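Residue strings, one per chain:
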Amino acid sequence: GSWSSLVVSDEARIFANSLMEPSCGSNHDFEAVLWLDDSAAVQSTVILPLRSGGTAFGLLIMGSGDPQRFTSAMATDFLVHIGETASAALENLLA
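Starting afresh in each chain, residues are numbered from 1 along the sequence in its written order. For this predicted model, a pLDDT threshold of at least 70 governs which residues receive local features, and a threshold of 80 or more governs which side-chain atom pairs are given and counted, while totals over whole chains, interfaces and linings are taken from all residues. Excluding hydrogens and water, the side-chain figures rest on all heavy atoms present in the structure.

(A) The packing of aromatic side chains, seen in detail. Aromatic rings from Phe, Tyr and Trp, taking only the six-membered ring of Trp, are treated as a pair when their centres fall within 6.5 Å; an angle between ring planes under 30 degrees marks them as stacked, one over 60 as edge-to-face, and anything in between as tilted. Counted by the stated rule, this structure contains one aromatic pair. A centroid spacing of 5.1 Å and a plane angle of 20 degrees characterise the contact between F15 and F30, whose relative ring orientation is stacked. Of the two residues, F15 is situated in helix α1 (residues 10-18) and F30 in the loop between β1 (23-26) and β2 (44-52); the sequence distance between them amounts to 15 residues. For every residue, the accessible area (1.4 Å probe, protein chains only) is compared with the maximum for its type, and the residue is labelled buried under 20%, exposed over 50%, or partly exposed between those bounds. Residue classification places F30 among the partly exposed positions, given a relative accessible area of 27%. Strands here mean DSSP runs of E at least two residues long; helices mean DSSP runs of H or I at least four residues long; both are numbered from the N terminus.

Shown next as structure tokens:
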């Protein structure tokens, strides 16, 4: 994998701004999942909003080939913490 910053569609921006908590579950061909290097092999995902001042400035996406690795029934407390920590670290890069 690699770290990247991409130009994204308006739909992806709307999705990012509407995401108030981690989205966990099967890969439903979200645009953001297609950003992963091997998106065809991804069976389950976690999508975390990256926020600054309440507005999303990005998404953190994790994927697994195991369809049961990330599910909508899983606890998300730790994932919320990861999203908040990543947001705090990365918001300094916003120009």
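Once the structure has been displayed, the description carries forward.
(B) Inspection of the sheet that holds strand β3 (residues 55-64) at higher detail. The strand order across the open sheet built from three strands is β1-β2-β3, with neighbouring strands paired in antiparallel fashion. The sheet terminates laterally at β1 and β3, the two strands that pair on one side only. If you compare each strand with its neighbour and ignore which way they point, the axes differ by 20 degrees on average. Where β1 lies against β2, four bridges are found, and the strand directions are antiparallel. Considered in β2, the bridge of S26 is made with S44. A pair of strands is considered paired only if DSSP assigns at least 2 bridges between the two. Every axis corresponds to a line fitted to the C-alpha atoms, with the helix fit spanning only the stretch in contact, and the corresponding angles, defined between N-to-C directions, vary from 0 to 180 degrees.

(C) Region of interest: the side chain of S64. Mapped onto the fold, S64 is located in strand β3. Judged by relative accessible area, S64 falls into the buried class, the value being 15%. Within the structure, the side chain of S64 is placed 3.0 Å from the backbone nitrogen of D66, a separation counted as a polar contact. What S64 contacts, discounting residues up to four positions off in sequence, is A41, V42, Q43, S44, R69 and F70. Two N or O atoms form a polar contact when they lie within 3.5 Å of each other; inside protein one atom must be a possible hydrogen donor and the other a possible acceptor, and for residues adjacent in sequence the pair counts only when both atoms belong to side chains. Note on contacts: a residue pair qualifies if any of its non-hydrogen atoms lie within 4.5 Å across the two residues.

(D) Seen up close, the confidence of the model for the protein chain. On average, residues of the protein chain score 86 in pLDDT, and 92% of them reach the 70 mark or higher. By mean pLDDT, the top-scoring element of the protein chain is helix α2 (residues 77-90) (94), and the lowest-scoring one is α1 (88). pLDDT is a residue-level measure of predictor confidence that goes from 0 to 100.

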